[in-house]
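Chain by chain, the residues run as shown.
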Amino acid sequence: MKTEMAYLLLAFATVLAPMAQGQSTPPQPKITGVLTILTPKAGVTVEQVMKIMPAEIRATVPLYLDGKIQQWFTRGDGRGVIFILNCKDVEEARALIESLPLSMEHLVDEQFIPVGPLLPLGILLRDSPTNK
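Keep in mind that this is a model prediction, so the values were computed, not measured.

Draft legend 1. The pattern of salt bridges, seen in detail. Under the defined criterion, the tally for this structure stands at four salt bridges. Across the pair Asp-109 and Lys-41 runs a salt bridge whose closest N-O atoms are separated by 3.2 Å. Taken together, the residues Asp-109 in strand S4 (residues 108-115) and Lys-41 in the loop between strand S1 (33-40) and helix H2 (46-65) connect sequence positions 68 residues apart. By relative accessible area, which is 35% here, Asp-109 ends up partly exposed.

Here you go:
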């Protein structure tokens, strides 16, 4: 419950911070990456995925070594993977993911979420003694 309240307060701070600064619309964050979630499509079997997995691994490891995949995780529920991609926008991330074997075989659903620095942290800098 406390965690949920913290997230709610953070969300409000993100929306209210620009208003406190006299801005009518919230500033847009600088996009520094794209959170990408891949889950098997409905009806896709483990066998179908595992058949393609060796090729998927061979394709993703070079992306990691080249710095395009910054971090990668297995979902805690076992239903896919999460990548944090070093991409400037969703279009770049989509092109990268759609070049991978599981996507090319249409076996996964893809979600792309652009991410950037947490904007409310700017309030701390604005109110710091060094900025007065």
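Draft legend 2. Inspection of a nonpolar patch on the surface at higher detail. Judged by side-chain polarity, Ile-57, Val-61, Tyr-64, Leu-65 and Trp-72 come together as a nonpolar surface patch covering roughly 480 Å² of accessible area. Top element by residues in the nonpolar patch is H2. It accounts for four residues. Turning to its location among the elements, Tyr-64 is positioned in helix H2. Given a relative accessible area of 39%, Tyr-64 falls into the partly exposed group.

Draft legend 3. Structural view of the packing of aromatic side chains. The full count for this structure, using the stated rule, is two aromatic pairs. Here Trp-72 and Phe-83 contribute two aromatic rings whose centre-to-centre distance is 6.3 Å and whose plane-to-plane angle is 40 degrees, an arrangement assigned as tilted. Note that Trp-72 is positioned in strand S2 (residues 69-74) and Phe-83 in strand S3 (residues 81-85), a separation of eleven residues in sequence. Judged by its relative accessible area of 5%, Phe-83 is buried. Grouped by ring-pair contacts, the aromatic residues Tyr-64, Trp-72 and Phe-83 constitute a single cluster.

Rules used in this analysis
Counting of residues starts from 1 at the beginning of each chain's written sequence and follows it residue by residue. Residue-level local features of this predicted model are given only where pLDDT is at least 70; pairs of side-chain atoms are given and counted only at 80 or more, and the full residue set underlies all totals for whole chains, interfaces and linings. Side-chain figures throughout are based on the complete set of non-hydrogen atoms in the structure, without hydrogens or water. Salt bridge criterion: a side-chain nitrogen from Lys or Arg within 4 Å of a carboxyl oxygen from Asp or Glu. Each helix is a run of DSSP H or I of at least 4 residues and each strand a run of E of at least 2, with the numbering of both proceeding from the N terminus. Working definition: with a 1.4 Å probe on protein chains only, accessible area under 20% of the residue-type maximum means buried, over 50% means exposed, and in between means partly exposed. Residues form patches when they are more than 30% accessible in relative terms and have no salt bridge. Like charges link within 9 Å. Nonpolar side chains (Val, Leu, Ile, Met, Phe, Trp, Tyr) link within 5 Å. Note on areas: Shrake-Rupley with a 1.4 Å probe; residue coverage comes only from the protein chains shown. Stacked, edge-to-face and tilted labels apply to pairs of Phe, Tyr and Trp rings (six-membered ring for Trp) whose centres lie within 6.5 Å, assigned for plane angles under 30 degrees, over 60, and everything in between, in that order.

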